[in-house]
Amino acid sequence: MNAPSLAATGLGANTVLVLLGCGIFGALAGAVGTFVIARRRSLIADVAGHAALPGVCLAFLAGEALHIGGRTPWLLLIGAACTALLAAWFVPWLSRRFAIGADGATAVSLALFFGLGAVLLSLVQSHESGSQGGLRRLLFGSAAATSSADVKTLAALALVTLVALALLFKELSLLAFDEQHARTLGFPVRSLDLLLTLLLVATVVAGMQLAGIVLVVSMVITPAATARFFHGSIARVTAIAAGFGAASAVCGVLVSLEFEHLPTGPAMTLCAAGLFLLALLATTRGRAEAVQS
Amino acid sequence: MTAGASAAAPLELRGFSAGYSQSEIKVVDASFTLGRGTLTALVGPNGAGKSTLLKGILGLTPVHDAGAVRFFGQSLDAARERVAYLPQRSEIDWNFPASALDVVAMGLYRRLGLFRRVNRAARDEARAALALVGLEAQAAQPIGELSGGQRQRVLLARALVQRADLLLLDEPFANVDELTERTIARVLEDLRANGTTILAVHHDIGTVRANFASAILFNVRVLAHGPAESTLTDAAIVRAYTASNAANLSAGGAA
């Protein structure tokens with residue numbers, strides 16, 4: 001139904017590319033999310049996603065200082081990945097080391113990393129090229145401002161991550177279901193845990209330009225949470241999560257392209273949350289009917 | 001090295017200690033040897049450290065004296081394929097999206113190897129193990145929909161597919177229905193008769209003799225080990241169940 005009006009915007013081939021990239025990112029986010037939720041790492045994932053902001057800003061400032069340009073894409077990706085990884089390590093460390101509980105550690109870390117990011121972002125904005133490059137768009141994402149070169153890079157990163165996930169699907173399932181069993185079988189639990197974190201960070205980095213740093217992790221968690229309403233094998237639930245992720249991402253992009261001032265991230269996550277609510281309603285209604293019959 | 005016979009024992013502990021931190025040692029100086037084809041209950045009061053002992057043996061506790069345990073005369077890493085563990089049912093997240101078959105197939109993951117997918121042969125093997133515990137019809141069912149007893153049998157089937165020579169089971173008979181209890185007892189007895197060595201934590205002192213030939217009476221340390229009949233005397237049980245852990249610890253210091 002959106003197709004005619006989209007054609008009218010004249011985005012054409014680039015739009016198709018952006019939609020494709022978004023679909024791949026959404027599928028990856030949903031699939032990774034299944035394991036993040038099962039391993040109870042949703043909140044740590046959220047901190048890691050927000051923690052990409054200081055990394056991006058630091059990378060921008062470093063790029064400017066080194067005269068290679070603040071908007072160098074690979075530099076921004078590496079910066080984001082570094083601070084996201086740091087946060088993913090910092091939260092559990094904090095909660096182990098000090099008696100503030102996992103929730104306290106999460107909240108403190110979120111404030112720390114995102115606060116630092118916001119301060120750095122204002123510094124970046126004072127740079128002429130920073131405000132021109134629209135680094136602020138990174139907060140909520142913008143499919144319209146994503147070049148086809150960017151999309152190709154992001155889609156490649158997402159595809160590689162998806163393949164890594166598929167290759168180690170069995171091992172990650174084992175880790176998520178029963179860590180002790182994984183250890184008694186002799187699997188390298190710490191390495192697998194680190195790998196899951198790396199997959200998450202790669203997903204965050206791949207999606208931050210489209211979905212935005214603030215909400216990128218919602219695309220990891222929400223479709224996977226929706227898929228939990230469906231039962232069956234791990235493979236089935238992961239595939240459903242990937243499907244919901246891709247559908248939400250594509251719908252979000254279509255909606256955000258339709259309304260000029262609507263950022264892509266909120267549109268995507270609203271689509272994902274809408275699917276979640278639908279599944280929730282269907283489930284509670286199904287239960288009510290089951291009770292009545 | 002020790003003499004041949006004892007070096008090849010499926011499980012041998014010599015002064016083994018384990019716990020969750022250096023200040024919280026729950027297993028002190030445990031020594032015992034399990035022979036091939038034996039079915040032994042690990043009996044003791046709540047908080048005696050029975051589960052910690054099992055986990056410690058498998059290297060799952062933060063503090064454990066790995067050097068004091070030998071499996072078939074070898075270290076755990078060398079003998080890993082011959083050892084299987086069944087955790088307490090309550091330690092598992094049963095809301096995890098998986099079918100009974102998925103969970104049982106996990107017991108085969110090590111043998112399948114890295115990157116390999118669960119193939120038809122593995123699924124057939126998992127299905128056969130489910131049939132052994134009477135759950136063939138539940139293979140495709142989500143684990144969240146299974147009853148407590150069925151979940152326990154799924155975990156047993158997962159241990160069965162590992163085709164281990166030594167089974168360490170944490171409370172396999174806890175809160176299960178009668179059918180499950182009979183099924184598990186039958187499976188364990190069949191395994192034992194075929195030469196498998198089994199050590200199972202068992203908290204219900206009243207049913208030990210019915211299901212186990214031998215018993216280890218345990219409260220922080222090994223208090224007695226032998227045939228269930230002669231080991232679980234009233235006097236020994238009272239001693240194990242009334243002695244406080246702290247008293248045992250200090251008594252052990254003098255021993």
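Residues numbered from 1 in each chain as written. Chains lettered and ligands numbered in written order. Predicted model: local features only at pLDDT ≥ 70, side-chain atom pairs only at ≥ 80, totals over all residues.

## Observations regarding the overall build of chain B
Stage number 1. Regarding its fold elements, chain B presents twelve helices and ten strands.
Stage number 2. Computed over C-alpha atoms, the radius of gyration of chain B comes to 18 Å, within 12% of the 18 Å expected from 2.2 N^0.38 for 255 residues, which places it in the range of a compact globule.
Stage number 3. Projected onto its principal axes, the C-alpha positions of chain B cover 55 × 40 × 35 Å.
Stage number 4. Looking at chain B residue by residue over its 255 residues, the buried ones come to 46%.
Stage number 5. In chain B, the proportion of contacts linking residues at least 24 apart, taken out of those at least 6 apart, comes to 69%. (Helix = DSSP H or I, 4+ residues; strand = E, 2+ residues; numbered from the N terminus. Rg over C-alpha atoms; globule rule 2.2 N^0.38 Å. Buried ≥ 20, exposed ≤ 12 C-beta atoms within 10 Å, placed from the backbone. Contact = placed C-beta atoms within 7 Å.)

## What about the overall build of chain A?
Stage number 1. If you tally the helices and strands in chain A, you get 15 helices and zero strands.
Stage number 2. Its C-alpha atoms give chain A a radius of gyration of 19 Å, near enough to 19 Å, the size a compact globule of 293 residues would have.
Stage number 3. Classification of the 293 residues of chain A by burial places 50% in the buried group.
Stage number 4. Taking the intrachain contacts of chain A between residues at least 6 apart in sequence as the baseline, contacts between residues at least 24 apart amount to 76%.

## Some thoughts on the packing of helix H2 (residues 12-38) of chain A against helix H13 (residues 216-227) of chain A
Residue and element names in this part refer to chain A.
Stage number 1. The interhelical angle for the contact between H2 and H13, taken along N-to-C directions, is 70°, at an axis separation of 7 Å. By the angle class used here, H2 and H13 are roughly perpendicular. Where H2 approaches H13, its residues Gly-26, Ala-29, Gly-30, Val-32, Gly-33, Thr-34, Val-36 and Ile-37 are matched on the opposing element by Met-219, Val-220, Ile-221, Pro-223, Ala-224, Ala-225 and Ala-227.
Stage number 2. Split by residue class, the contact of H2 with H13 holds eleven nonpolar, four polar and no charged. (Axes fitted to C-alpha atoms, helices over the stretch in contact; angles between N-to-C directions. Parallel < 35°, antiparallel > 145°, perpendicular 65-115°, else oblique. Nonpolar A, V, L, I, M, F, W, Y, C, P; charged D, E, K, R; others polar.)

## Let's talk about the interface of chain B and chain A
It is common to give the size of an interface as the accessible area that goes away when the parts come together.
Stage number 1. Of the residues lining the interface, 18 residues belong to chain B; the matching set on chain A comes to 18 residues.
Stage number 2. Elements represented by at least two residues in the side of chain B that touches chain A include exactly helix H4 (100-106) and helix H5 (109-112) of chain B.
Stage number 3. Here the residues of the side of chain B that touches chain A are counted per class, giving 13 nonpolar, one polar and four charged.

## As for the packing of helix H6 (residues 120-132) of chain B against helix H7 (residues 148-161) of chain B
All names here are of chain B.
Stage number 1. Contact geometry for H6 and H7: axes closest at 9 Å, N-to-C directions at 130°. As the angle between them shows, H6 and H7 are arranged oblique. The crossing of H6 and H7 is right-handed. Together, Glu-125, Ala-126, Ala-129, Leu-130 and Leu-132 of H6 and Ala-157, Leu-160 and Val-161 of H7 make up the contact between the two elements.
Stage number 2. Residue composition of the contact of H6 with H7, grouped by class: seven nonpolar, no polar and one charged. (Left-handed = near helix turned anticlockwise from the far one by under 90°.)

## Remarks on the environment of Leu-86 of chain B
Residue and element names in this part refer to chain B.
Stage number 1. Mapped onto the elements of the fold, Leu-86 is located in strand E6 (residues 83-86).
Stage number 2. Judged by C-beta crowding, with 25 C-beta atoms within 10 Å, Leu-86 ranks as buried.
Stage number 3. Linking Leu-86 and Ala-235, residues 149 residues apart in sequence, is a C-alpha distance of 31 Å.
Stage number 4. Filtering out sequence-adjacent residues up to four positions away, Leu-86 remains in contact with Leu-155, Leu-156, Ala-159, Leu-169, Asp-170 and Pro-172.

## Looking at the sheet that holds strand E10 (residues 221-227) of chain B
Residue and element names in this part refer to chain B.
Stage number 1. One open sheet accounts for six strands, arranged E6-E7-E8-E3-E9-E10; its pairing is mixed. Two strands bound the open sheet, and with one partner strand each, they are E6 and E10. When the angles between neighbouring strand axes are averaged without regard to direction, this sheet yields 15°.
Stage number 2. With six bridges connecting them, strand E9 (residues 214-219) and E10 associate as antiparallel partners. (Pairing = 2+ DSSP bridges.)

## Considerations on H2 of chain A
An α-helical turn contains 3.6 residues, so any two residues separated by three or four positions project in the same direction.
Stage number 1. With 27 residues, H2 of chain A should reach 39 Å at 1.5 Å per residue; the first-to-last C-alpha distance of 39 Å fits that figure.
Stage number 2. In the segment just after H2 of chain A, Arg-40 of chain A is the residue with positive phi, at about 55°. (Expected span 1.5 Å × (residues − 1).)

## Focus: unusual backbone geometry
Stage number 1. Its identity as a non-glycine residue notwithstanding, Arg-40 of chain A has a phi of 55°, on the positive side.
Stage number 2. Along the chain, Arg-40 of chain A falls in the loop between H2 and helix H3 (42-50).
Stage number 3. Its identity is not glycine, yet Phe-115 of chain B carries a phi of approximately 70°, on the positive side.
Stage number 4. C-beta crowding within 10 Å serves as the criterion here: with 11 such atoms nearby, Phe-115 of chain B is assigned to the exposed category.

## Regarding the nonpolar core
Stage number 1. Counting 174 residues, the largest nonpolar core has Ala-48 and Ala-84 of chain A together with Val-104 of chain B as its most contacted members.
Stage number 2. The residues contacting Ala-48 of chain A, other than those within four sequence positions of it, are Ala-84, Ala-87, Ala-88, Leu-200, Val-201 and Val-204 of chain A. (Core = buried A, V, L, I, M, F, W, Y, C linked by C-beta atoms within 7 Å.)

## Focus on the confidence of the model for chain B
All names here are of chain B.
Stage number 1. When the pLDDT values of chain B are averaged, the result is 89; 92% of them are 70 or greater.
Stage number 2. Ignoring residues within four places in sequence, the model shows residues 1-7, a span with pLDDT below 50, making five contacts including any to other chains.
Stage number 3. Taken as a whole, residues 246-255 scores under 50 in pLDDT and shows nine contacts with residues more than four places along the chain or in a different chain.
Stage number 4. As a predicted assembly, this complex carries a pTM of 0.86 together with an ipTM value of 0.87. (pLDDT = per-residue confidence, 0-100.)

## Focus on helix H5 (residues 73-97) of chain A
All names here are of chain A.
Stage number 1. Taking 1.5 Å as the rise per residue, H5 with 25 residues should run 36 Å; its terminal C-alpha atoms sit 36 Å apart, in good agreement.
Stage number 2. What H5 keeps buried is the set Leu-76, Leu-77, Gly-79, Ala-80, Ala-81, Thr-83, Ala-84, Leu-85, Ala-87, Ala-88, Phe-90 and Val-91.
Stage number 3. Next to the buried residues of H5 lie H3, helix H4 (52-65), helix H6 (101-126) and helix H12 (189-211).

## Details of the pairing of strand E8 (residues 197-202) of chain B
Within a regular strand, side chains alternate between the sheet's two faces.
Residue and element names in this part refer to chain B.
Stage number 1. In terms of burial, E8 is a largely internal element, six of the six residues being buried.
Stage number 2. Sheet topology places strand E3 (residues 39-43) next to E8; five bridges connect them, and they run parallel. Its bridge partner lying in E8, Ala-41 is registered against Ala-200.
Stage number 3. Relative to E8, strand E7 (residues 166-170) runs parallel, the two being bridged by five bridges. When the sheet's bridge partners are listed, Asp-170 is paired in E8 with Val-201.
Stage number 4. In terms of handedness, the path from E7 via helix H8 (residues 178-193) over to E8 forms a crossover that is right-handed. (Right-handed = clockwise from strand over helix to strand, strands pointing away.)

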